[in-house]
Structure formats: structure tokens, C-alpha cells
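Now for the letters of each chain:
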Amino acid sequence: MKTINRIMTNICSDKLAESRDFYTKLFDFNVDYDSDWFVHLISKDKQLELGIISRNSEIVPDGFQNNPQGFYVTFVVENADDVFEIAKKQGLEILSEPSDTFYGQRRLLLKDPNGTLIDVSSPIPNFE
């Protein structure tokens with residue numbers, strides 16, 4: 001079996017700075033690299049990474065420079081309600097307010113500046 005050393009999601013964007021700010025304000029990310037074609041975010045504990053790449057970069061194949069569709073990114077956090085409050089204050093696009101799910105998560109849905117669906121979930125304590 002091949003060992004995986006790292007996995008990173010890259011989101012295609014037409015709004016690099018706005019996207020960078022979205023993720024750094026809502027989550028535990030610092031900016032590791034910031035350019036006019038790519039932004040690399042890394043969590044403060046250096047365990048998680050997120051890339052934001054210019055949609056029309058030569059690195060992104062033509063057939064994949066479309067708006068996001070058919071996937072979403074989930075961030076599991078300590079408290080989804082706290083992220084909801086930040087999102088409200090920032091005037092971010094909230095698709096659904098936090099609610100409890102049948103599978104034991106408190107879930108909030110947002111849309112990032114690129115149209116990517118963002119699921120923010122936190123475990124419900126003592127869920128049976």
C-alpha cells in the first residue's frame with residue numbers, strides 16, 4: 001500500500017482575497033502563502049491545509065475551471081453555533097442555520113465566495 005503523506009483540498013476561485021478572508025475569519029487558518037494566483041492556508045496547529053487557486057490558472061485544466069458542483073467541504077468544529085455567529089456578523093451567505101441532525105451533529109450550511117457549499121458541523125454531546 002502507498003503511504004499518504006498529506007491531503008489538501010484546493011478550491012477554484014475568482015475571488016482569492018475574499019475567499020482567504022472567509023476561511024481565516026471562520027476557521028483556525030493562518031495564511032502560509034498568498035499570491036495573485038494561489039493562497040495556501042494552514043491551521044494554527046499545522047495539521048490541516050486548504051488551497052485557494054485562481055480558477056483560470058494554467059495549473060487548473062480547462063474542464064475543471066467551472067463553478068463548484070457535486071461536492072461540498074465539511075469542517076468539523078467544536079461549536080457550529082459559534083461559527084454561525086461569526087458568519088452572521090460578517091454578512092456571509094448562510095444557507096441553513098444550525099440544526100441538529102439525526103446522525104448526531106449540529107450542522108450549519110454556508111456558501112463561500114466561490115459558490116462552494118460549506119458544511120460546518122459539531123458533534124452533539126452525549127448523542128445516543
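Look above for the structure.
Residues numbered from 1 in each chain as written. Predicted model: local features only at pLDDT ≥ 70, side-chain atom pairs only at ≥ 80, totals over all residues. Heavy atoms only, no water.

## Regarding the pattern of salt bridges
Stated formally: Note on definitions: salt bridges are taken to be side-chain nitrogens of Lys or Arg within 4 Å of carboxyl oxygens of Asp or Glu. Strands are runs of DSSP state E lasting at least two residues, helices are runs of H or I lasting at least four, and both sets are numbered from the N terminus onward.
One pass over the structure, following the stated rule, counts 10 salt bridges. Across the salt bridge formed by Arg 55 and Asp 14, the nearest N and O atoms sit 3.2 Å from each other. Here Arg 55 is found in the loop between strand 4 (49-54) and strand 5 (72-76), whereas its partner Asp 14 is found in the loop between strand 1 (9-13) and helix 1 (16-26), with 41 residues between them in sequence. Linked by salt bridges that have partners in common, Arg 20, Asp 21 and Asp 34 make up one network.

## Some points on the sheet that holds strand 4
Convention followed: Being paired, for any two strands, means DSSP has found at least two bridges between them. Each axis is a line fitted through C-alpha atoms, and for a helix only the stretch in contact is used; angles between axes span 0 to 180 degrees, taken between their N-to-C directions. In what follows, residue pairs with any heavy atoms lying within 4.5 Å of each other are defined as contacts.
Sheet architecture is open: four strands sit in the order 1-4-3-2, paired in mixed fashion. Of all the strands in the sheet, the pair left with one neighbour each is strand 1 and strand 2 (29-34). Along the sheet, successive strands turn relative to each other by an average axial angle of 25 degrees, direction set aside. One ladder, built from five bridges, connects strand 2 with strand 3 (residues 38-43); its direction is antiparallel. When the bridges of strand 3 are listed, Asp 34 appears paired with Val 39. Running over the sheet, helix 1 touches strand 1, strand 2, strand 3 and strand 4 and is turned about 165 degrees from strand 4.

## Structural notes on a nonpolar patch on the surface
Formally: For patch building, the residue pool is restricted to those with more than 30% relative accessible area and no salt bridge; the joining distance is 9 Å between like charges and 5 Å between nonpolar side chains (Val, Leu, Ile, Met, Phe, Trp, Tyr). All accessible-area figures derive from a Shrake-Rupley calculation using a 1.4 Å probe, and residue coverage is judged against the displayed protein chains alone. Three labels apply to residues, based on accessible area from a 1.4 Å probe with only protein chains included: buried if under 20% of the type maximum, exposed if over 50%, partly exposed otherwise in between.
On the surface, Tyr 33, Trp 37 and Ile 59 cluster together to form a nonpolar patch covering roughly 300 Å² of accessible area. Following the sequence through the fold, Trp 37 ends up in the loop between strand 2 and strand 3. Relative accessible area serves as the criterion here: at 34%, Trp 37 is assigned to the partly exposed category.

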